[in-house]
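Summary of structural features
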Amino acid sequence: MSFFDKIFGGKEENPQQKSFWKRIESEEDLEKAIENSYHQKIGIFKHSTSCFISKTVLKNFEKEIENIDQKVELYYLDLLAHRSISNKIAEILEIRHESPQFIVIENGKAISNASHQDISLSQIV
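Residues numbered from 1 in each chain as written. Predicted model: local features only at pLDDT ≥ 70, side-chain atom pairs only at ≥ 80, totals over all residues. Heavy atoms only, no water.

It is worth spelling out the pairing of strand 3 (residues 73-78) at this point. For a regular strand, side chains alternate in direction, first toward one face of the sheet and then toward the other. Buried residues dominate strand 3, accounting for six of its six residues. Of the two faces of strand 3, both are covered, the one formed by Glu-73, Tyr-75 and Leu-77 as well as the one formed by Leu-74, Tyr-76 and Asp-78. As paired strands, strand 2 (residues 42-47) and strand 3 are joined by six bridges and run parallel to one another. Across the sheet, the residue bridging to Lys-46 is Leu-77, located in strand 3. A crossover connection joins strand 2 to the parallel strand 3 through helix 3 (residues 52-66); in handedness this β-α-β unit is right-handed. (Buried < 20%, exposed > 50% of the residue type's maximum accessible area, 1.4 Å probe, protein only. Helix = DSSP H or I, 4+ residues; strand = E, 2+ residues; numbered from the N terminus. Pairing = 2+ DSSP bridges. Right-handed = clockwise from strand over helix to strand, strands pointing away.)

Dropping the structure here:
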């Protein structure tokens, strides 16, 4: 790992390695996630993989999630790879796009959303 990687975060740890993330990579994935919100609350983490702040918030959130006892369905969206899906989320749920952003959905509607350091496990539990 180079000096700059140590300072600025280096290569992103693949969120798919964390067992609790389900990826949203298509509009169909988004539709399934929203459909699942009718059975339980879900959370969508919108992440900019090139942003140091977003990486830091994601890592902190993942540490919180690892200590939760209840089953929570969490989705991850890579904003750089899937910006059109992020736009669709903003349109469908009638919320302004931010990054990083965590949106909690229940019964097909956004019941909570936060960005940056306001993102917390307390939004969903």
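As a further point, take the pairing of strand 2. Counting buried residues along strand 2, six of its six residues qualify, which places the element largely inside the surrounding structure. Of the two faces of strand 2, the one holding Ile-42, Ile-44 and Lys-46 and the one holding Gly-43, Phe-45 and His-47 are both buried throughout. As paired strands, strand 2 and strand 4 (residues 101-106) are joined by five bridges and run antiparallel to one another. Within strand 4, the residue paired with Gly-43 across the bridge is Val-104.

As a further point, take the nonpolar core. One recurring pattern in soluble globular proteins is that nonpolar side chains are buried together. In terms of nonpolar packing, the biggest core is built from 17 residues, with Trp-21, Phe-45, Phe-61, Leu-74 and Phe-102 touching the most fellow members. With four residues, the single largest contributor to this core is helix 3. Counting residues in hydrophobic clusters, the runner-up holds 15 residues, among them Leu-30, Tyr-75, Leu-79 and Ile-89. (Core = buried A, V, L, I, M, F, W, Y, C linked by side-chain atoms within 4.5 Å.)

Turning our eyes to something else, we now look at helix 2 (residues 27-36). Every buried residue of helix 2 is accounted for by Leu-30, Ala-33 and Ile-34. For helix 2, the angular spread of buried residues about the axis comes to 95°, placing them on one side. For helix 2, the exposed residues lying more than 90 degrees away from the buried face are Glu-31, Lys-32 and Glu-35. Buried residues along helix 2 sit against strand 2, strand 3, helix 4 (83-93) and strand 4. (Arc of directions from axis to C-beta. Contact = heavy atoms within 4.5 Å.)

Now for unusual backbone geometry. Ser-99 connects to Pro-100 through a cis peptide bond whose omega is -10°. Structurally, the position occupied by Pro-100 is in the loop between helix 4 and strand 4. Residue Glu-94 is not a glycine yet carries a positive backbone phi of 55°. Turning to its location among the elements, Glu-94 is positioned in the loop between helix 4 and strand 4. Take Glu-94: its relative accessible area is 71%, and that puts it in the exposed class.

Residue position: Ala-90 is located in helix 4. With relative accessibility at 16%, the residue Ala-90 sits in the buried group. In sequence terms Ala-90 and Ala-110 are 20 residues apart; their C-alpha atoms lie 10.0 Å from each other. Not counting chain neighbours up to four residues away, the residues in contact with Ala-90 comprise Ile-95 and His-97.

So, about the environment of Gln-123. Relative to the assigned elements, Gln-123 resides in the segment after strand 5 (109-115). For Gln-123, a relative accessible area of 13% translates into the label buried. Side-chain polar atoms of Gln-123 contact the backbone oxygen of Phe-102, separated by 3.4 Å. (Polar contact = N/O pair within 3.5 Å; in protein donor to acceptor, adjacent residues only side chain to side chain.)

Geometric descriptors of this kind do not, in isolation, establish any biological role.
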